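Here are the chains, one letter per residue:
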Amino acid sequence: MRIALTGASGMLGGACLRHLAARGDEVVALGRGNAARLVLMPPGISLCTTDYSLDDLRLALRDVEAVIHLGALRANAEAERSGCQPYFEANVRSTENLLIAALANGVRSFCLASSIAVYARHNPQPWRESDPPAPISHYGISKLACEHLAALHGERGGMRVFALRIAQIIGDDRSRRQGMLRQFIARARRQQSLSLWGSGAAARDLVYVEDVVSAINQALDDDRPGGTYNIGGGRAFSNLEVAETINEVFGNPAGLALDPTRPDEASSQFMNCERAQRQLGWQRQWSLRAALDELRRQGVG
């Protein structure tokens, strides 16, 4: 299959490229300027630099059968302070151009990486795809807009569309060195204690990058129905559980340092993934411990 993939320089994009190349697919990796040139391409993968303009994408998607759209401006404090504009330009406009170009080239399947950020925290958990989305961040709003655009263009053009609402991904994400998970791993490798706010009860949905790649591969199968699917760990993992598991996996005797003077970071949040299991045939394979052990083996941190 000839597939176009955006976001090739990211952690998830790189993992997808490796799997698609191993599967024998012909892949066109799309990326902007310097980011695209940073990618170490597996054999059989071609690189196409694009500015995500409509004319540029129409050429890039020639003879493409499926599009995997992972490229996006991720949630960050600086962009959030600027409001919707940064996310609109980087996420919404580029997604619409990609959809228009895909339809113009007769693309059959379009897989969009959406986010758990489209859900409202006040909804009963675990969140289901049938729950009314109500994002509380500009990033979440932009991802929900991308979902609606994908559904609209897919229906108009007869293109099969998948919106995968992905939880926080566990993996070797070098773009987020300040993230809690990576900091914990780095400290555990140095045999230093891991610092937690409050009781460590704040919890989030976590899924290993290889399981996300598996969901994307399942969506590309011709007999899978398009739609919106939650892709996550199936439960909430507390910061305390994550920290304790990291210390165990990395053999860190320094333990934990709880700071009760600081409040827990956030409430619990996680998704129900039964629809993906039922309709895509997808099942999470990697436990938290197994994922962390693989990162330890890879030398992450």
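The structure this text deals with has already been given above.
Quick notes on the rules
- Residues numbered from 1 in each chain as written.
- Predicted model: local features only at pLDDT ≥ 70, side-chain atom pairs only at ≥ 80, totals over all residues.
- Heavy atoms only, no water.
- Helix = DSSP H or I, 4+ residues; strand = E, 2+ residues; numbered from the N terminus.
- Buried < 20%, exposed > 50% of the residue type's maximum accessible area, 1.4 Å probe, protein only.
- Contact = heavy atoms within 4.5 Å.
- Expected span 1.5 Å × (residues − 1).
- Polar contact = N/O pair within 3.5 Å; in protein donor to acceptor, adjacent residues only side chain to side chain.
- Axes fitted to C-alpha atoms, helices over the stretch in contact; angles between N-to-C directions.
- Parallel < 35°, antiparallel > 145°, perpendicular 65-115°, else oblique.
- Left-handed = near helix turned anticlockwise from the far one by under 90°.
- Core = buried A, V, L, I, M, F, W, Y, C linked by side-chain atoms within 4.5 Å.

K.L.:
If you had to explain the environment of Glu294 to someone new, which residues and values would you point to?
P.N.:
Mapped onto the fold, Glu294 is located in helix α11 (residues 288-298). A relative accessible area of 17% places Glu294 in the buried class. In the structure, Glu294 is positioned 199 residues away from Thr95 in sequence and 33 Å away in space, judged by C-alpha atoms. Glu294 has contacts with Tyr208 and Trp286, leaving out every residue within four places of it along the chain.

K.L.:
Can you break down helix α6 (residues 138-157) residue by residue, with the values?
P.N.:
The end-to-end C-alpha distance of α6 is 28 Å, a good match for the 28 Å that 20 residues give at a rise of 1.5 Å each. All of the buried residues in α6 are Tyr139, Gly140, Ser142, Lys143, Leu144, Cys146, Glu147, Leu149, Ala150, His153 and Gly154. Among the structural elements, α4 (77-81), α5 (85-104), β5 (109-115), β6 (160-166) and β10 (227-231) are those in contact with the buried residues of α6. Downstream of α6 by a residue or two, Gly158 has a phi angle that is positive, lying close to 70°.

K.L.:
Give a description of the side chain of Asp173 that names residues and reports values.
P.N.:
Tracing the sequence through the fold places Asp173 in the loop between β7 (168-170) and α7 (180-189). Given the relative accessible area of 10%, Asp173 is considered buried. In this structure the side chain of Asp173 is engaged in a polar contact, spanning 2.6 Å, whose partner is the side chain of Arg74. Beyond its immediate stretch of four places on either side in the chain, Asp173 contacts Met11, Arg74 and Arg182.

K.L.:
Would you mind going over the packing of helix α9 (residues 239-249) against α11 in detail, with residue names and values included?
P.N.:
Relative orientation of the contacting elements α9 and α11 amounts to 45°, with a least axis distance of 10 Å. What the angle tells us is that α9 and α11 run oblique. As for the relative orientation of α9 and α11, their crossing is right-handed in sense. Between α9, through Glu241, Val242, Thr245, Ile246, Glu248 and Val249, and α11, the contact on the second element is made entirely by Leu288, Arg289, Leu292, Asp293 and Arg296.

K.L.:
Go over the nonpolar core with me, naming the residues and quoting the values.
P.N.:
One finds Leu5, Leu12, Leu164, Ile216 and Ile246 to be the most contacted residues of the largest nonpolar core, which totals 62 residues. Residue contributions to this core peak at seven residues, all from helix α8 (residues 209-220). Setting aside residues no more than four positions away along its own chain, Ile246 makes contact with Leu181, Phe184, Ile185, Ala188, Leu194 and Leu292. By size, the runner-up hydrophobic cluster in this structure holds 23 residues, among which are Val64, Ala102, Cys146 and Ala150.

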